[in-house]
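# Examination of the molecular architecture
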Amino acid sequence: MKFGVLVFPGSNCDRDVAYVTRDLLGLPTRMVWHQETDITDLDVVIIPGGFSYGDYLRCGAIARFSPVMQQVINHAQAGKFVLGICNGFQVLTEAGLLPGALTKNQDLHFICDRAPLTVERNDIPWTQAYTTNETITLPIAHGEGRFYADKSTLAALEDHSQVVFRYAGDNPNGSLNNIAGICNRQGNVLGMMPHPERASDTSLGYTDGLRLFQGLLGKIAAWV
Ligand SMILES: NC(=O)CC[C@H](N)C(=O)O
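Owing to the predicted nature of the structure, the values given are computational and were not obtained by experimental measurement. (Residues numbered from 1 in each chain as written. Predicted model: local features only at pLDDT ≥ 70, side-chain atom pairs only at ≥ 80, totals over all residues. Heavy atoms only, no water.)

### Focus on the overall build of the protein
- Looking only at helices and strands, one finds five helices and 11 strands in the protein.
- Radius of gyration (C-alpha) of the protein: 16 Å, near the 17 Å computed for a compact globule of 224 residues.
- Its C-alpha atoms put the protein at 40 × 40 × 35 Å along the principal axes.
- Here the protein holds 224 residues, and 54% of them are scored as buried.
- Of all intrachain contacts in the protein linking residues separated by at least 6 positions in sequence, the fraction that spans at least 24 positions is 73%.
- Surface accessibility of the protein: about 9300 Å² in total, with carbon and sulfur atoms responsible for 50%.
- Taking the average place of the 17 positive charges on the side chains of the protein and the average place of its 22 negative ones, the gap between the two points comes to 3 Å. (Helix = DSSP H or I, 4+ residues; strand = E, 2+ residues; numbered from the N terminus. Rg over C-alpha atoms; globule rule 2.2 N^0.38 Å. Buried < 20%, exposed > 50% of the residue type's maximum accessible area, 1.4 Å probe, protein only. Contact = heavy atoms within 4.5 Å. Areas by Shrake-Rupley, 256 points an atom, 1.4 Å probe, with all protein chains shown as cover. Lys, Arg positive; Asp, Glu negative; His and termini not counted. Charge placed at Lys NZ, Arg CZ, Asp CG, Glu CD.)

### Concerning the environment of Gly-96
- Of note, Gly-96 is situated in the loop between α3 (87-94) and β5 (101-103).
- Taking the C-alpha atoms as reference points, Gly-96 and Ile-73, separated by 23 residues in sequence, lie 8.8 Å from one another.

### Description of the UniProt feature "active site" (unreviewed entry) in the protein
- As annotated in UniProt, the feature "active site" (unreviewed entry) corresponds to Cys-86, His-195 and Glu-197 in the numbering used here. Spanning 112 residues, the annotated positions come together in the fold, the maximum distance between their C-alpha atoms being 11.0 Å.
- Turning to its location among the elements, Cys-86 is positioned in the loop between β4 (81-85) and α3.
- What Cys-86 contacts, discounting residues up to four positions off in sequence, is Gly-49, Ala-141, His-142, Met-192, Met-193 and His-195.
- Accessibility expressed as a relative area gives 1% for His-195, which makes it buried.
- Apart from the residues lying within four places of it in its own chain, the contact partners of His-195 are Cys-13, Gly-49, Ile-85, Cys-86, Leu-138, Pro-139 and Ala-141. (UniProt positions renumbered as here; feature names shortened; annotations may be inferred.)

### Some words on the pairing of strand β1 (residues 3-7)
- Most of β1 is tucked away: five of the five residues are buried.
- Side-chain alternation along β1 places Phe-3, Val-5 and Val-7 on one buried face and Gly-4 and Leu-6 on a second face that is also buried.
- Pairing of β1 with strand β2 (residues 29-33), which is carried by five bridges, proceeds in the parallel orientation. Directly across from Leu-6, in β2, lies its bridge partner Val-32.
- Read as a crossover between parallel neighbours, the route from β1 over helix α1 (residues 14-24) to β2 is right-handed.
- Sheet analysis places β1 next to strand β3 (residues 44-47), joined by three bridges and oriented parallel. Opposite Gly-4, over in β3, you have Val-45 as the bridge partner. (Pairing = 2+ DSSP bridges. Right-handed = clockwise from strand over helix to strand, strands pointing away.)

### So, the site of the ligand
- Residues in close proximity to the ligand total 14 residues, the closest being Gly-50, Asp-55, Cys-86, Ala-141 and Gly-143.
- Take Asn-87: an N or O atom from its main chain is 3.0 Å from an oxygen atom of the ligand.
- Between the ligand and Ala-141, the relevant distance is 2.9 Å, taken from a nitrogen atom to a main-chain nitrogen or oxygen of the residue.
- Considered on its own, the ligand offers 290 Å² of accessible surface; in the complex 98% of this is hidden by protein.
- Where the shell around the ligand is concerned, the elements lending two or more residues are α3 and β7 (135-142).
- Classifying every residue of the shell around the ligand by side-chain character gives five nonpolar, seven polar and two charged. (Near = heavy atom within 4 Å. Polar contact = N/O pair within 3.5 Å; in protein donor to acceptor, adjacent residues only side chain to side chain. Nonpolar A, V, L, I, M, F, W, Y, C, P; charged D, E, K, R; others polar.)

### Quick look at the confidence of the model for the protein
- Here the protein shows a mean pLDDT of 96. Residues at 70 or above account for 97%.
- Prediction confidence for the complex, expressed as pTM and ipTM, is 0.96 and 0.96 respectively. (pLDDT = per-residue confidence, 0-100.)

### Topic: unusual backbone geometry
- Positive phi values are uncommon outside glycine, yet Tyr-53 reaches one of about 50°.
- Looking at the secondary structure, you find Tyr-53 in the loop between β3 and α2 (68-77).
- Overall, the relative accessible area of 26% leaves Tyr-53 in the partly exposed class.
- With a phi close to 60°, Asp-55 is a non-glycine residue in the positive phi region.
- Relative to the elements of secondary structure, Asp-55 occurs in the loop between β3 and α2.

Quick look at the structure:
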């Protein structure tokens, strides 16, 4: 299984993700510059965190127009895997691959913290290494992480069990329904504000994030 990690001007978690997939998990991984137009060699695309285009206009609003994004849409529509972490989640909503929007945190401050999360479902490949309703802890670091969607979109997300992670403790940013991460209806595209790649190495003190990547490895053969 081959991973590709997108790199935009301003990405800053790209190497952290590659450290997990290439160095910790030993999987083929290549960095994908945002102007590339052929990613058909990839099984999994990860859009990492950071400040693509300096967060001008809105986080992810400019990156969404990078040439590689049409390829990411094709990749997702073919049923292949896409993970957007933090700025990557913002890019996925801007690109229309996930519903809703990430808006400025309720208190308008950038938040850097550890957040307890509830895993809402473990029946998609991404989360099969967790148990449903398990509480895990992942770092968060964002200024625009407040999930918003209109009433009918929010109801549809809940009706189709597309909420994958919810903030378990205090709601850190004012996200509607405590939403920290969602997937598309098929379950192959996942977006989340917390950073699993920053909780994957034992030297960092906790490894709840590693199981996200490990879960995908266990399931991919059956899913594709
Ligand atoms: N860590 C990140 O990816 C940050 C995302 C974005 N720049 C924000 O502040 O919301």
